[in-house]
Amino acid sequence: QGQLVESGGGLVQAGGSLRLSCAPSGRTFSTWSMGWFRQAPGKEREFVATISWGGGSTYYADSVKGRFTISRRDAKNTVYLQMNSLKPEDTAVYYCAAALVHRGAGQTPNDYDYWGQGTQVSVSS
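Basis of the calculations
- Residues numbered from 1 in each chain as written.
- Predicted model: local features only at pLDDT ≥ 70, side-chain atom pairs only at ≥ 80, totals over all residues.
- Heavy atoms only, no water.
- Helix = DSSP H or I, 4+ residues; strand = E, 2+ residues; numbered from the N terminus.
- Rg over C-alpha atoms; globule rule 2.2 N^0.38 Å.
- Buried < 20%, exposed > 50% of the residue type's maximum accessible area, 1.4 Å probe, protein only.
- Areas by Shrake-Rupley, 256 points an atom, 1.4 Å probe, with all protein chains shown as cover.
- Lys, Arg positive; Asp, Glu negative; His and termini not counted.
- Charge placed at Lys NZ, Arg CZ, Asp CG, Glu CD.
- Pairing = 2+ DSSP bridges.
- Polar contact = N/O pair within 3.5 Å; in protein donor to acceptor, adjacent residues only side chain to side chain.
- Contact = heavy atoms within 4.5 Å.

Chemist: What am I meant to see in the overall build of the protein chain here?
Modeler: For the protein chain, the helix and strand inventory stands at zero helices and eleven strands. Along the protein chain, helices (α) and strands (β) appear in the sequence β-β-β-β-β-β-β-β-β-β-β when read from the amino end. Against the compact-globule benchmark of 14 Å for 125 residues, the protein chain has a radius of gyration of 13 Å, which places it among compact chains. If one aligns the C-alpha atoms of the protein chain with their principal axes, the spans along those axes are about 40 × 25 × 25 Å. With 125 residues in all, the protein chain has 44% of them scored as buried. In the form shown here, the protein chain has an accessible surface area of approximately 6300 Å², with 48% of it arising from carbon and sulfur atoms. Considering the protein chain, the positive charge centre built from 12 side chains and the negative charge centre built from 9 side chains are found 6 Å apart.

Chemist: Where do I start with the pairing of strand E7 (residues 68-73) in this structure?
Modeler: Two faces, one strand: in a regular strand the side chains alternate between the faces of the sheet. Only one face of E7 is covered, namely the face carrying Phe68, Ile70 and Arg72; the face carrying Thr69, Ser71 and Arg73 is uncovered. In the sheet, E7 pairs with strand E8 (residues 78-83) via six bridges, with the strands oriented antiparallel. Bridge pairing in E8 places Ile70 opposite Leu81. Counting the residues between successive antiparallel strands, the hairpin from E7 to E8 contains four residues, one of them, Asn77, with a positive phi of roughly 50°.

Chemist: Where do I start with the side chain of Asp90 in this structure?
Modeler: Here Asp90 is to be found in the loop between E8 and strand E9 (92-99). Residue classification places Asp90 among the buried residues on the basis of a relative accessible area of 1%. A polar atom in the side chain of Asp90 sits 2.8 Å from the backbone nitrogen of Lys87. Sequence-distant contacts of Asp90, that is, excluding residues within four places in its chain, are made with Arg38, Arg67, Phe68, Ser85, Val121 and Val123.

Right under this line is the structure:
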């Protein structure tokens, strides 16, 4: 960890929106894909969304499909997660990750090389 920095988390009411951002903490580097994961208290880290280099391919967990949108700016190795229609069950620490090489489908933590420190998202009912 420590290669990426997330921002944009916070507290929001159910039905609200948040936009998370993630960028390299130091030097930029080429990536194969970037992704977002989340971890709620007492639960394992789970996949949220992934996007390929160039943004041509995206994939979402069923639980967020239609509500969350992942995007990226390759020139700055920055990735975003627009979260709409938030639900209390979306409450978790959200982590961004970068894969330097193609290692898998991008849906498991082992597919990634660099991680951020996480940003808290809390959704009240």
